[in-house]
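Listed here are the chains, written in short residue letters.
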Amino acid sequence: MTEATRVRIEQLTGDIEYIEQLGEQGGTSTVYRVETKTGKYLLKTSTEARYQEWLAEEAIVLEKWMQ
């Protein structure tokens, strides 16, 4: 995880207390488990534009499910 990404997460959630990169995710993304004082989060990232588009679509589906 880049320092810029870490700083952005902390802006949204508060200080990160623990972070762990999870195992293989099919080769298209990297997933981290992030713990802060406000909660626990999963962060899924990708550096390739094609996969970033897929992640954006996943986020839309998850937002709809949460409603």
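Parameters at a glance
Every residue gets a number counted from 1 within its own chain, in the order that chain's sequence is written. Residue-level local features of this predicted model are given only where pLDDT is at least 70; pairs of side-chain atoms are given and counted only at 80 or more, and the full residue set underlies all totals for whole chains, interfaces and linings. Heavy atoms from the whole structure form the basis of all side-chain values; hydrogens and water molecules are not counted. The pairing criterion for strands is at least two bridges between them, as found by DSSP. Helix and strand definitions follow DSSP, with helices as H or I runs of at least four residues and strands as E runs of at least two, each counted in order from the N terminus. Between the N-to-C directions of two axes lies an angle of 0 to 180 degrees, each axis being a line fitted to C-alpha atoms and, for a helix, fitted only over the stretch in contact. Relative accessible area decides the class of each residue, using a 1.4 Å probe on protein chains only: under 20% of the type maximum gives buried, over 50% gives exposed, and in between gives partly exposed. Note on contacts: a residue pair is in contact if any heavy atoms of the two residues lie within 4.5 Å. For this analysis, a salt bridge means a side-chain nitrogen from Lys or Arg found within 4 Å of a carboxyl oxygen belonging to Asp or Glu.

Draft legend 1. Layout of the sheet that holds strand β3 (residues 39-45). What the 3 strands build is an open sheet, ordered β1-β2-β3; its pairing is antiparallel. If you trace the sheet from one side to the other, it starts and ends with β1 (16-21) and β3, each paired once. In this sheet, neighbouring strand axes are inclined to one another by 20° on average, regardless of whether the strands run parallel or antiparallel. Inspection of the sheet shows β1 paired to strand β2 (residues 30-36) by 5 bridges, in the antiparallel sense. Paired with Gln21 across the strands is Tyr32, a residue of β2.

Draft legend 2. Spatial organisation of the pairing of β2. Both β2 and β3 contribute to a ladder of 7 bridges, which runs antiparallel. If you follow Val31 over to β3, its bridge partner there is Lys44.

Draft legend 3. View of the environment of Glu10. Its place among the elements puts Glu10 in helix α1 (residues 3-13). Overall, the relative accessible area of 25% leaves Glu10 in the partly exposed class. Glu10 sits 26 residues away from Thr36 along the chain, and the two C-alpha atoms are 8.5 Å apart. Beyond its immediate stretch of four places on either side in the chain, Glu10 contacts Asp15 and Ile16.

Draft legend 4. Geometry of the pattern of salt bridges. One pass over the structure, following the stated rule, counts 4 salt bridges. Put simply, Arg33 and Glu20 hold a salt bridge, and the shortest N to O gap is 2.8 Å. Of this pair, Arg33 sits in strand β2 while Glu20 sits in strand β1, and the two are 13 residues apart along the sequence. On the basis of relative accessibility, which here comes to 26%, the residue Arg33 falls in the partly exposed class. For Glu20, a relative accessible area of 28% puts it in the partly exposed group. For Lys44, the salt bridge goes to Glu58, with nearest N and O atoms at 3.2 Å. Of this pair, Lys44 sits in strand β3 while Glu58 sits in helix α2 (residues 49-66); the two residues are 14 residues apart in sequence, bridging distant segments of the chain. Judged by its relative accessible area of 37%, Lys44 falls in the partly exposed class.

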